[in-house]
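Analysis of the macromolecular model
This is what each chain is made of:
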Amino acid sequence: MSTVNLSPRDVARELARRYSTMTHEELDLLEGILVPMKFPKGAIILNEGDVCHHIFWIVKGLVRQFYYKNKKELTEYMATENTVCMSIESLFKETPSHQILQALEPTVLYALPMHELETVSMKSVNIQMLYRKILEESLIISQQRADMLRFESAQDRYQKLVKTSPQLVLRAPLVYIASYLQMTPETLSRVRTAALMEGR
């Protein structure tokens, strides 16, 4: 089955498989709020200053989350298929986002509108569980990244990314990988060369 042609029902089933078991009736509720979206390469999914109203599930493509500091782009997060992305502070506070979401490849998403998700969560313990596990996963990923930057060397950071997210390493531009790992492109080049030499 092509991931690009997944129906809302297919996506609801995949979300249930990943986060919470659901009955047919609960799948109906979840399917009913899913919003399909398509973005060409380079398109902005969420702009700085916009309020994030959705949790995005990536069906196909590559999404970068970044922000500006001192007129420089800093990559906060990147995600490929079967992953969620969002501007979490904007989503919960309903305030303008400091983060920008951009499609680095032609990208297909299914959006879970926050207010609709909360409404159907009131009708289903299993959808509540899905909602909670998505948020837990996002917080854990955020904490793991913070710990990686605090405690690990440049080489360890790169090797961990290769191990945990090989598709990112293959598909994302090196300048964004370097920014995500908080190192210069030159340092990343040295680290990659050293990793290749060790792998021989």
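Quick look at the structure, then. (Residues numbered from 1 in each chain as written. Predicted model: local features only at pLDDT ≥ 70, side-chain atom pairs only at ≥ 80, totals over all residues. Heavy atoms only, no water.)

1. Observations concerning the sheet that holds strand E5 (residues 72-79)
Applied cut-off: When DSSP finds two or more bridges between two strands, those strands count as paired. Under the scheme used here, helices are H or I runs from DSSP no shorter than 4 residues and strands are E runs no shorter than 2 residues, and both carry numbers assigned from the N terminus. To define axes, lines are fitted to C-alpha atoms, for helices over the stretch in contact only, and angles between the resulting N-to-C directions are given on a 0 to 180 degree scale.
A sheet is described by the order of its strands in space; here 4 strands give the open sequence E2-E7-E4-E5, paired in antiparallel fashion. Each edge of the open sheet is held by one strand with a lone partner, namely strand E2 (44-46) and E5. Within the sheet, the average angular offset between the axes of one strand and its neighbour, ignoring direction, is 35°. The sheet contact formed by E2 and strand E7 (residues 100-103) spans 2 bridges and is antiparallel. By the bridge assignment for E7, Ile44 is matched with Gln102.

2. Considerations on the side chain of Ser87
For clarity, the threshold we go by: Partly exposed describes any residue whose relative accessible area lies between the buried limit of under 20% and the exposed limit of over 50%, with all areas from a 1.4 Å probe on protein chains only and scaled to the type maximum. Any pair of nitrogen or oxygen atoms within 3.5 Å is treated as a polar contact; in protein, a donor-acceptor pairing is required on top of that, and neighbouring residues in sequence qualify only through side-chain atoms on both sides. Only heavy atoms matter for contacts: two residues are in contact if any of them lie within 4.5 Å across the pair.
Topologically, Ser87 is positioned in the loop between strand E6 (84-85) and helix H3 (88-93). For Ser87, a relative accessible area of 4% puts it in the buried group. A polar contact is formed between the side chain of Ser87 and the side chain of Ser97, at a distance of 2.8 Å. Contact partners of Ser87, with chain neighbours within four places excluded, come to Leu46, Cys52, Gln65, Ser97 and Gln99.

3. Observations concerning the nonpolar core
The cut-off we apply is this: Grouping buried Ala, Val, Leu, Ile, Met, Phe, Trp, Tyr and Cys residues that are joined through side-chain atoms within 4.5 Å yields what is termed a nonpolar core.
Counting 43 residues, the largest nonpolar core has Leu15, Leu30 and Ile55 as its most contacted members. Aside from chain neighbours lying at most four places away, what touches Leu15 is Ser20, Leu30, Leu34, Trp57, Leu112 and Leu130. Within the second largest apolar cluster, 18 residues are counted, among which are Leu161, Tyr176, Ile177 and Leu181.

4. Some points on the pattern of salt bridges
What counts, and what does not: Each reported salt bridge corresponds to a side-chain nitrogen of Lys or Arg within 4 Å of a carboxyl oxygen of Asp or Glu.
Counted according to the given criterion, the structure contains 12 salt bridges. Glu31 is paired through a salt bridge with Arg9; the nearest N and O atoms lie 2.9 Å apart. Note that Glu31 is positioned in helix H2 (residues 24-33) and Arg9 in helix H1 (residues 8-19), a separation of 22 residues in sequence. Classification of Glu31 by relative accessible area gives partly exposed; the value is 27%. Among the salt bridges present, the one from Arg13 reaches Asp10, with a minimum N-O distance of 3.6 Å. One end of the pair is Arg13 and the other is Asp10, both in helix H1 and 3 residues apart, which spans about a single turn. Relative accessible area serves as the criterion here: at 45%, Arg13 is assigned to the partly exposed category. Counted as one network, the salt bridges with shared partners bring together Arg9, Asp28 and Glu31.

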